[in-house]
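Structural features, examined
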Amino acid sequence: MSIPANLKYTKDHEWVSLEGDIATVGITHFAQKELGDIVYVEVETLDQALDKDEVFGTVEAVKTVSDLFLPLSGEIIAFNDALESNPESVNADPYGAGWMIKVKISNPSEVEDLLSSETYKELIGA
């Protein structure tokens with residue numbers, strides 16, 4: 001199972017890639033595997049400022065719908081529009097083409113609360 005060392009993770013199975021004060025967010029390989037075939041990703045919070053742990057969207061799989069939780073407070077500045085026509089990218093490439101949103105971080109100190117790849121591996125028993 002892929003758990004890239006250069007990313008940060010949450011207990012809710014989101015991953016975070018940081019470039020300055022911009023965070024790219026998606027769900028982990030573990031999460032997409034647990035969900036199964038993803039058929040729809042909905043994010044209606046574009047251009048909104050949300051607090052850490054607020055729901056920023058949902059991901060719908062054949063067998064369930066799950067909320068997506070914002071790992072860092074900030075403004076959602078981009079949504080991966082390609083997921084509208086190709087939501088299965090989340091299954092095929094969760095850390096690449098399957099990214100979901102970009103966030104302009106408003107509280108950089110929250111980054112310290114994210115999990116390292118090693119800690120995330122322990123969480124999921126990998």
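All values reported here derive from a predicted model rather than from experimental measurement.

Below, the discussion takes up the nonpolar core. Membership of the largest hydrophobic core comes to 25 residues, with the highest contact counts inside it found for Ile27, Val41, Phe56, Met100 and Ile101. When contributions to this core are tallied by element, the ones reaching two or more residues are strand S3 (22-27), helix H1 (29-35), strand S4 (38-42), strand S6 (55-61), strand S8 (74-79) and strand S9 (101-105). Residues contacting Ile27, with those up to four places away along its chain left out, are His13, Glu14, Trp15, Gln32, Leu35, Ile38, Leu68, Val90, Pro94 and Met100. By size, the runner-up hydrophobic cluster in this structure holds nine residues, among which are Ile3, Tyr9, Tyr120 and Ile124.

Bringing the packing of aromatic side chains into the picture now. How two aromatic rings sit relative to each other is set out by the distance from centre to centre and by the angle between their planes. In the structure shown here, the tally under the stated rule is two aromatic pairs. With centroids separated by 4.8 Å and ring planes inclined at 15 degrees, the aromatic side chains of Tyr9 and Tyr120 adopt a geometry described as stacked. Here Tyr9, found in strand S1 (residues 8-9), pairs with Tyr120, found in helix H4 (residues 117-124); they are 111 residues apart in sequence, far enough to count as distant. For the pair Tyr9 and Tyr120, one class covers both residues: buried. Between Trp15 and Tyr95 the ring centres are 6.0 Å apart and the planes differ by 55 degrees, which places this aromatic pair in the tilted class. Taken together, the positions of Trp15 in strand S2 (residues 14-19) and Tyr95 in the loop between helix H3 (89-92) and S9 put the pair 80 residues apart, joining distant regions of the chain. The pair formed by Trp15 and Tyr95 is uniform in burial state, with each residue classed as buried.

What follows concerns the UniProt feature "modified residue: N6-lipoyllysine" (unreviewed entry) in the protein chain. UniProt tags Lys63 as "modified residue: N6-lipoyllysine" (unreviewed entry). Along the chain, Lys63 falls in the loop between S6 and strand S7 (65-69). Setting aside residues up to four positions removed in sequence, Lys63 forms contacts with Glu34, Leu35 and Gly36. A polar contact of 3.4 Å, which involves the side chain of Lys63, links it to the backbone oxygen of Glu34.

The next point concerns unusual backbone geometry. Positive phi outside glycine occurs at His13, with the angle close to 75 degrees. Mapping His13 onto the fold places it in the loop between S1 and S2. Of note in the backbone geometry, Asp47 takes a positive phi value of approximately 70 degrees without being a glycine. Checked against the element boundaries, Asp47 lands in the loop between S4 and strand S5 (49-50).

Definitions and limits used
Residues numbered from 1 in each chain as written. Predicted model: local features only at pLDDT ≥ 70, side-chain atom pairs only at ≥ 80, totals over all residues. Heavy atoms only, no water. Core = buried A, V, L, I, M, F, W, Y, C linked by side-chain atoms within 4.5 Å. Buried < 20%, exposed > 50% of the residue type's maximum accessible area, 1.4 Å probe, protein only. Helix = DSSP H or I, 4+ residues; strand = E, 2+ residues; numbered from the N terminus. Contact = heavy atoms within 4.5 Å. Phe/Tyr/Trp six-rings, centres within 6.5 Å; stacked < 30°, edge-to-face > 60°. UniProt positions renumbered as here; feature names shortened; annotations may be inferred. Polar contact = N/O pair within 3.5 Å; in protein donor to acceptor, adjacent residues only side chain to side chain.

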